[in-house]
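# Descriptive analysis of the structure
Spelled out, the chains give:
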Amino acid sequence: MSPRPGFVLEVDRSTPSTLFWHGEGYRLEKLPVGSRVLYAPEPVDALPDPVGAIRRALDEPLGDAAPLRSQLHAGMTLTIAFDDVSLPLPPMRGPDVRQLVIEQVLELAAEAGVDDVVLIAALALHRRMTDAELRHALGARVFDAFAPHGLLWQHDAEDPDQLVHLGLTDQGEDVEINKRAATSDLLVYVNINLVAMDGGHKSVATGLASYKSLRHHHNAHTMAQSRSFMDQHRSELHSSNWRMGRLIAASGVKVFQIETNLNTDTFPEQFRFLQRREWEWTARDRAAFLASSKALEATPDRVARSIFHSIRAPHKMSAVQAGEVEAVHARTTENVYAQQLLEVEGQSDILTMGLPYICPYNVNSIMNPILVACLGLGYFFNMYRGQPLVRAGGVVIMSHPTPWAFHPGHHPSYIDFFEQVLAETTDPAEIGKYEEAFATDPWYIHLYRTGNAYHGVHPFYMWYWCAHALEHLGSVIIVGGDRAAVRRLGFKPASSMADALEMASDVVGRDPSITHLHSPPLLMADVR
Amino acid sequence: MSGAERLVRRVSRLRPEGFPWRAPTWPVTLERDPPPRHLGADYDTEWTRRYPARLARAVLLDNVTRPLAHIVASPEVRGDEILEHVEAPAIYVANHASHVDTGLLLSVLPARVRHKTVVAAAADHFFDRRWKAHVWSLVLAAIPIERHRVNRKSAEDTAALLRQGWNLIIFPEGGRTHDGWFQPMRGGAAYLATRTGRPVVPVHIDGTYRIWPRGGTHLRRSPTRITFGSPIVAAEGEDARRLEARIDAVLGTLADESRTDWWSARRRAGAGETPSPRGPAASPWRRAWALGPDPHADDEDDDSRWALADD
Amino acid sequence: MKGLVFEHNLARFAASRLASVVGGSGRGAAVGPLHFTDVEPPELPGPRWHRVHPILAGICGSDLSTVDGRSSRYFEDVVSFPFVPGHEVVGTLDDTDARVVIEPVLGCLARGIVPPCAACSRGATGGCERVAFGHLAPGLQIGFCSDTGGGWSSGGLVAHEAQLHRVPDELSDDDAVMVEPTACAVHAAVAAGAEATSAVAVLGAGTLGLCTVAALAQLTRPAWLAVGAKYDHQRRWAQELGADEVIDPEQLVRAVRRRSRSLEASGTLTGGADVVIDCVGSDESIAQALRMVRPRGRVVLVGMPGRVSVDLASLWHREVTVVGAYAYGTEEIGGLVRRTFDVAMEVVAVKGLGRLVSARYPLDRFEEALAHAGAAGRRGAVKVVFDLRARGHFRGTRPSTKGPDS
């Protein structure tokens, strides 16, 4: 049966309650009659022969690029960079897409007799991956062949010996990237495209860059001008990365880009009710929902988190393309839109969404309040093309427990950002004056380089991600969140959806129009 | 001070201080020879070949080591019918990938061989401390062998044991492999064979590298295959060097046979096309890559791995 | 004349200790060795002694510790039973209307010991070596001595002329009763040895903590002054009195780390604040102070500690100085030697510390008063005092809780 396209449901009196994510748990909420609920297109079919598809892609590249086989020869230096643990979400069942692609690349490299090969996790300023995470992403065979010999690296943006400055773009933006990657004879990048923001020139220009480079586009101004950053042609974030990527190519760095699309088959069998339309739930689905949601309410946070973070998604590769960066990315973006895009007529006064337990920055970790804001106002708000789903001055209502809890090993600088910076101001344009101190603090740098911590400046980026939404909206309300934490974020806490809608009416007027973004799976709205 | 420390203190105070309750101190003005330390190659394993020790070892091998080996390594044995006709005592030479090799090989040998076998073990690794020397010589009938230096004594002692009727297990590589491929062989086995005239039985052990490799922190259950080859006897007047080359070739063929099958391995051996068990001359990642994909890779989730040390 | 008397009764000590553990500080008053009873006004011990009739008498942290049975046994020899507590006193002198504040320490001069000990001859009466000797019963201060009486009695107390300080007319009664705790704070601020370039952290924002903030802000003006304050009203006061950063106590170590841009090892900062002043005196506060102070820095213990258990490895390794700051005497400020009480009166006047008096109780409601003082933070109060002018059962003016905005 072919996958059904997405559609917009108008809630009537016969519509059952709608499923909302609520962190490590979920709820059913009754939306008022007349609300619109956006349902994503169903997952497209996976490739029946992924390994064959990869081989073909490597042999028949897109754009101005020669087949990979012909670019490999004995005595050359080869670097293979790959996306880090922030993709895919949730982590996929073995074998991971990166494992499949890199194994094929290495087969060709072994055949050609290439000895000098290094694998680099393209972290940018994200945290280093643990051995278990690397093993999962690359597979045991690749990990065991490279890690014990010190050939599996993690990009270190704070080591000046590992960086090389390639120059300035015509807008004066520094381009400084990983030295090994820039000076190899060939750089192969293995990407996973979950949303339209990923991939293209951003892979190398951001993934392998330093703070000096990143601050040119990771700032409040750029993000406010990205409308949205899922739409490459209307995104200042992408314009900047494209300039940088072209400079990288012009500097003589040969990049062979391999991009993969994943379908949105996000949750395994026991959670399949999450992706199904509520009126299509069978008795089994309803039982599963009731049993699990009640059990989760009674479960302590730590246990609930470990249950959810151990979920391995069944999503699979739906397309793979390789070759020259821009040609490859154009095809990839088409595929992402084909899977996720949904046409929506007009904006509404209120946008509601349930936020899951996971975002790119808390894999195997705790979702702290700053990440809640980033997931809702950064990612979900920006899943649009054209104009936002909610009108200027409207209200976003998010559902998440928002605990005042931080992972001290992964997010140490987030704690200080929350306690010190947000206590003073929540305006993305104002927080910049603290950025330098956080970016250069020796303790955060130490933890980023030797531990598994996000870089000191990273919480700022999370807040910049919300810049467009914060400028656009009249108010933000979080349902079911910790009151003190929600207030610290500058939002309003509500204990129930009904209260939240009441509070929202104060801002947008009586009888507002409501749109709900039903996830999972991911969807992107094409708003006319 | 914790409760445990207090208890220990109190117990140790039950024995009064001073001589003769405790060992005497030596007067400063008198000369003293350094006390003899019989460790390493000097360790005397004679007591482990006396009846009480042999009985204890047999019980342990049959009731603990064998079942454990079957659980952890599920060995598949090929060519063991040869063992019926081997004249005891014999020298069993095998490739070495893991510490579990010894226990596994002992587990698959027939009982009469298993109970009358000594194992050549590295003196610097297994006999460097008293407790280790005691344990390994009792449990596995290990005898110390110098692997970094030429030591006449240990060679002579081993030859004597062979003449007394003890089988010998020896790993000619001298240590476990670092990357899964064979290491260059040393001449110990060939030397002993020519001195004593005993037959050499080649053995190939496949799969222990995955169970517990060198430097590994986890013990993983994984199936293994043990292949026995026809015994090699030193020809009249054959020198050790020539015999060593013969043993080397046979082990290579056995490795090939273990991976494929007996006939195609024979044909390749005949044509001189046996792939080198030492692996390609290439960078470490390519050598690891050339080991090939893991046939048992579907036990991806680490449930069957047990940590042996802190990660 | 009625007053509160502290008897030596071991069973009651134990009971009050238990009550304070179960019910909180100050709750021991109801079952402890403190009685509300008839008290004879004390005899004048000598010619230079005067009688003082208390107007207001404050409740101090050390008083609460005594009432709870938590003080260190160290003090047993320097206290004489039965005594009337109360050493933070503003009262009228003899039979006049002239107001005085008493400096409660009983040094050699008060005890008639000639020649005075080394400390007393320097004016540092807090270090007097003879507090258990001389013609008076043992007692470090008025309020711990059976011969002098104390502030918590309408019968009054007696004090040596050297212990009396005139109260200027512009200071209110509330201001005057704050002079003694402010003097402790001034002494601590000077002992801290902070400079204009120093980063100073203060633990505890009760009376002592807030007065210390005031003293530091006025006398030393350090480059960065941070206070760990748990309650909103304490935070507002700390801000008003001159702190640069007022932070939740849990977050104070992180704030110090950010400011000093230090790293962390073994749970301790590698850098830290130049001076940390502990106005709490518990195991946790001393441990926290050691974590936050920089190597070769200084920790000042102002809050009276008891028997605490602390790991001193970091103190040894980082060559940290820990000093106690007790009471007052004279201070050297800007090259001049002045009496602490004189400096304290200035600080009280400039900073308006009389506003910290949050509640006044008559003596017969002493259980409530002590419970309120013990739970001051939680109940939005700072300083709780006894008002001895109130007659009998109270009617009319209720104890008020003033905030910084009034």
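Sequence order sets the numbering: in each chain, residues are counted from 1 along the sequence as written. Working convention: letters from A go to chains and numbers from 1 go to ligands, in the order in which they are written. Per-residue local features are limited, in this predicted model, to residues with pLDDT of at least 70; the limit for side-chain atom pairs, both in listing and counting, is 80 or more; totals at the level of whole chains, interfaces and linings are taken over all residues. The side-chain quantities take in all heavy atoms of the structure and omit both hydrogens and water.

## As for the packing of aromatic side chains
All names here are of chain A.
- Only centres within 6.5 Å qualify two rings of Phe, Tyr or Trp (six-membered ring in Trp) as a pair; their planes then separate them into stacked at under 30 degrees, edge-to-face at over 60, and tilted for everything else. If you walk through the whole model with that rule in mind, you get 43 aromatic pairs over all chains.
- Relative to F438, the ring of F417 lies with its centre 6.5 Å away and its plane at 85 degrees, an arrangement referred to as edge-to-face. Residue F417 is found in helix α15 (residues 412–424), and its partner F438 is found in helix α16 (residues 432–440); the two are separated by 21 residues along the sequence. The two residues F417 and F438 agree in class, both being buried. Here a strand is any run of E in DSSP of at least two residues, a helix any run of H or I of at least four, and the numbering for each starts at the N terminus. Throughout this description, buried means an accessible area under 20% of the type-specific maximum (1.4 Å probe, protein chains only), exposed means over 50%, and partly exposed covers the range between.

## Quick word on the pairing of strand β20 (residues 524–527) of chain A
Residue and element names in this part refer to chain A.
- Residues M524 and D526 of β20 are buried on one face, and the alternating residues A525 and V527, pointing to the opposite face, are buried as well.
- Strands pair, by our definition, only if DSSP identifies at least two bridges between them. As paired strands, strand β13 (residues 341–344) and β20 are joined by 4 bridges and run parallel to one another. Its bridge partner being in β20, E343 is matched across the sheet by D526.
- Pairing of strand β15 (residues 384–385) with β20, which is carried by 2 bridges, proceeds in the parallel orientation. Bridging from a neighbouring strand, R385 pairs with D526 of β20.

## Observations regarding the arrangement of the chains
- For this analysis, residues touch if any pair of their heavy atoms sits within 4.5 Å. The interface with the highest contact count, out of 2 pairs of chains in contact, is the one between chains A and B.
- Separated without contact, chain B and chain C have their nearest C-alpha atoms at a distance of 14 Å.

## Considerations on the interface of chain C and chain A
- Taken together, the contacts link 8 residues of chain C with 12 residues of chain A.
- What gets called buried area is simply the loss in accessible area from a 1.4 Å probe that two parts show on being joined, summed for both. Overall, the association of chain C and chain A removes approximately 1000 Å² of surface from exposure, summing both partners, and the carbon and sulfur fraction of that is 43%.
- For the chain C face of the interface with chain A, the top three residues by lost area are R257(C), R258(C) and R261(C), together amounting to 54%.
- What makes a salt bridge here is a side-chain nitrogen of Lys or Arg within 4 Å of a carboxyl oxygen of Asp or Glu, nothing more. Counting every contact that joins chain C to chain A gives 3 salt bridges.
- Here E419(A) ties to R254(C) by a salt bridge, and the two come within 2.4 Å at their closest N and O atoms.
- Nitrogen and oxygen atoms within 3.5 Å of one another constitute a polar contact, given that in protein one can donate a hydrogen and the other can accept it, and given that sequence-neighbouring residues count only through two side-chain atoms. Inspection of the region where chain C meets chain A yields 7 residue pairs in polar contact (both at pLDDT 80 or more).
- Amino acids outside the nonpolar list (Ala, Val, Leu, Ile, Met, Phe, Trp, Tyr, Cys, Pro) and the charged list (Asp, Glu, Lys, Arg) are all regarded as polar, and Gly is one of them. Here the residues of the side of chain C that touches chain A are counted per class, giving 1 nonpolar, 2 polar and 5 charged.

## Here's the deal with the environment of L28(A)
All names here are of chain A.
- With respect to the secondary-structure elements, L28 resides in strand β3 (residues 26–29).
- The exposure class of L28 is partly exposed, given its relative accessible area of 37%.
- Taking the C-alpha atoms as reference points, L28 and F289, 261 residues apart in sequence, are found 9.7 Å from one another.
- Among all residues touching L28, those that are not within four sequence positions of it are S17, T18, L19, W281 and F289.

## Concerning the packing of α15(A) against helix α18 (residues 458–465) of chain A
Residue and element names in this part refer to chain A.
- It is the contact of α15 with α18, at a shortest axis distance of 8 Å, that shows an interaxial angle of 60 degrees. Classified by the angle between their axes, α15 and α18 sit oblique to one another. Where α15 approaches α18, its residues S413, Y414, F417, V421 and L422 are matched on the opposing element by H458, P459, F460, M462 and W463.
- Taken together, the residues that form the contact of α15 with α18 break down as 8 nonpolar, 2 polar and no charged. Whenever a helix is involved, its axis is fitted only over the stretch in contact; in every case the axis is a line through C-alpha atoms, and angles between N-to-C directions fall within 0 to 180 degrees. In this scheme, roughly parallel covers angles under 35 degrees and roughly antiparallel covers those over 145, while 65 to 115 is roughly perpendicular and the rest are oblique.

## Points about the domain arrangement of chain A
All names here are of chain A.
- Under the domain assignment used here, chain A contains domain 1 (7–43 + 266–312 + 349–527) and domain 2 (50–262).
- An automatic or database domain assignment provides the domain bounds reported here. Taking only C-alpha atoms into account, the centre of domain 1 sits 28 Å from that of domain 2.
- The interface is formed by 43 residues belonging to domain 1 together with 41 residues belonging to domain 2.
- If you sort the residues of domain 1 by the area they bury against domain 2, R312, Y448 and W465 come out on top, with a joint share of 19%.
- Remark: the boundary between domain 1 and domain 2 carries 3 salt bridges.
- Among the salt bridges present, the one from R449 reaches D156, with a minimum N-O distance of 2.7 Å.
- For the interface between domain 1 and domain 2, the tally reads 12 residue pairs in polar contact (both at pLDDT 80 or more).
- Secondary-structure elements contributing two or more residues to the side of domain 1 that touches domain 2 are α14 (369–380), β15, α16, α17 (442–450), α18 and α19 (467–472).

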